[in-house]
Amino acid sequence: MGDPLESASPAEPSSAGAAPGALIEVAGVSKTFGDIVAVSDVTFSVGPGVTALLGPNGAGKSTLFRMLCGLTAPTAGTVRVLGADARHDREVRGRIGLVPQQDALFDRIGALEFVAIAAVTEGMADGPGAARRALELVQLDPDDQRTLSSYSKGMRQRVKVAAAVVHDPEVLILDEPLAGLDPVQRRRMIELLHGLGEEGRCVMVSSHVLEEVSRIGSRILVIAQGRLVAAGDYRDLRELMDDRPHRFQVKVNRPRSFAAALVESGAAVGVSVGPDSVMIDTRDVGRLSCELAPLARRLEARLNRIAPLDDDLESVFRYLVERR
């Protein structure tokens, strides 16, 4: 069916037309709320399999997902899912499943009843039967008599997934499904997502956690400040990030002489000196790590603290935005 994520290059968003096998096509899409630009001129196409939408909180992920599902109209551009506009095509809306970020469950009923309601809403003739199959798919007991109020966060997330897949959608949109889960629950959820993707569905999963993406799937879209700033393979993005200068803060009692020696050694490509610290930019983290302690001994300086300043997700997006 072709590559599930069509992009011009690993570091640049696609601007070309949809490739064969694309199930989601977004072209020049923007969404504004008054003076606020939530999504700005976004273009991409996605096919079957699991694709991660990565972005910090407030980047526009949820707004983009709402447009894909037809819940809100773009201010500009076009959104097509399965070849149609879900905003105006009721039939195609029935082929999309949405797992919202909000925990919108009916706490006073059980999982089977909740998912059966979703099945009937989607026009399924046998709501309870479809609900049973969906709950078994997400490894929940359909005969569990407890109300949803007693379910753990991980179980509640799986109920939401069951409600989203009960009508066997071809496209599945999950907004931050790993939020609030413990490590075991996250592993199980990721296994579930992979299984759904392997069935041939188009599965889009949003996350604001960089390291989660490597486990969700290798194909990613990166959105920051409402703009698509990278698209492609996760490993290519990591290589791109590894090629940029890395920044460290070193607390040291002789910052000026320490900074000068670092530049002279070639371990740093840039330094900034403070009263009791040195900000270091380096392209070779391994070399810098090896030279810090010997250099401190030679200068009879005392190292008090060494901390990376650019391993957080915000710095990744800041770098991607600045290089465009």
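Here is what the cut-offs are and how they apply
- Within each chain, residues carry numbers counting from 1 in the order of the written sequence.
- It should be noted that, the model being predicted, local features are given only for residues of pLDDT at least 70 and side-chain atom pairs only at 80 or more, the latter also being counted only at that level, while totals for whole chains, interfaces and linings use all residues.
- Side-chain calculation: all heavy atoms of the structure are included, whereas hydrogens and water are not.
- Remark: exposure states derive from per-residue accessible area (1.4 Å probe, protein chains only) relative to the maximum for the residue type, with buried under 20%, exposed over 50%, and partly exposed in between.
- A run of H or I in DSSP counts as a helix once it spans at least four residues, and a run of E counts as a strand once it spans at least two, with each numbered from the N terminus.
- Strand pairing is assigned whenever DSSP identifies at least 2 bridges connecting the two strands.
- Should any heavy atoms of two residues lie within 4.5 Å, those residues are considered in contact.
- We define a polar contact as two N or O atoms separated by no more than 3.5 Å, with the added condition that, inside protein, one atom must be a possible hydrogen donor and the other a possible acceptor, whereas residues neighbouring each other in sequence contribute only through side-chain atom pairs.
- Aromatic pairs are defined between Phe, Tyr and Trp rings, using the six-membered ring for Trp, whenever the two ring centres lie within 6.5 Å; interplanar angles under 30 degrees are classed as stacked, those over 60 as edge-to-face, and all others as tilted.
- Structural elements are reduced to axes, namely lines fitted to C-alpha atoms, with helices fitted over the stretch in contact, and the angle between N-to-C directions of any two is expressed from 0 to 180 degrees.
- Residue-level confidence of the predictor is what pLDDT reports, using numbers from 0 through 100.
- To obtain the arc, one takes the directions from the helix axis to the C-beta atoms.

Q: Tell me about the pairing of strand E10 (residues 227-233), and name the residues and values.
A: Across the 7 residues of E10, 6 count as buried, placing the element largely inside the fold. The pairing of strand E9 (residues 219-224) with E10 spans 6 bridges and is classified as antiparallel. Bridging from a neighbouring strand, Ala224 pairs with Arg227 of E10. Linking E9 to E10, which pair antiparallel, is a turn of 2 residues; within it Gln225 sits at a positive phi near 50°.

Q: Explain helix H4 (residues 127-137) to me, using residue names and the numbers behind them.
A: Taken residue by residue, H4 has Gly127, Gly129, Ala130, Ala131, Ala134 and Leu135 as its buried positions. Considering only its buried residues, H4 is in contact with helix H3 (111-121) and helix H5 (153-165). Here H4 starts with a cap whose side-chain oxygen sits 3.1 Å from the backbone nitrogen of Gly129, and that cap is Asp126.

Q: Break down the packing of aromatic side chains for me, with residues and values.
A: Overall, the coordinates contain 1 aromatic pair when judged by the stated rule. Pairing Phe106 with Phe114 gives two aromatic rings, centres 5.5 Å apart and planes at 80°, and the pair type is edge-to-face. Overall, the relative accessible area of 48% leaves Phe106 in the partly exposed class. Under the relative-accessibility criterion, Phe114 is labelled buried at 12%.

Q: Lay out the sheet that holds strand E4 (residues 49-54) in plain terms, naming residues and giving numbers.
A: Spatially, E6-E7-E8-E4-E9-E10 is the arrangement adopted by the 6 strands of the open sheet, whose pairing is mixed. Lying at the two open borders of the sheet, with one neighbouring strand each, are strand E6 (96-99) and E10. With strand direction ignored, the average angle separating the axes of adjacent strands in the sheet is 15°. The sheet contacts of helix H1 (residues 61-68) involve E4, E6, strand E7 (171-174), strand E8 (202-207) and E9, and relative to E8 the element is tilted by about 155°. Packed on one face of the sheet, H5 meets E6 and E7 and runs near 165° to E6.

Q: Run through the confidence of the model for the protein chain, naming residues and quoting values.
A: Looking at the protein chain, the pLDDT average stands at 86 and 87% of residues meet or exceed 70. Confidence drops under pLDDT 50 across residues 1-18; counting only partners more than four residues distant or on other chains, this segment forms 51 contacts.

Q: Quick one: what's the story with helix H9 (residues 255-265), residue by residue and with numbers?
A: Turning to H9, its buried residues number three or more, namely Pro255, Phe258, Ala259, Ala261 and Leu262. Looking down the long axis of H9, one finds its buried residues gathered within 165° of arc, a one-sided arrangement. Opposite its buried face, H9 presents the exposed residues Arg256 and Glu264, each directed more than 90 degrees away. As for H9, its buried residues are in contact with strand E11 (246-252), strand E12 (270-273), strand E13 (277-282), helix H10 (285-299) and strand E14 (303-308). Gly266 sits one or two positions beyond H9 and adopts a positive phi of about 90°.

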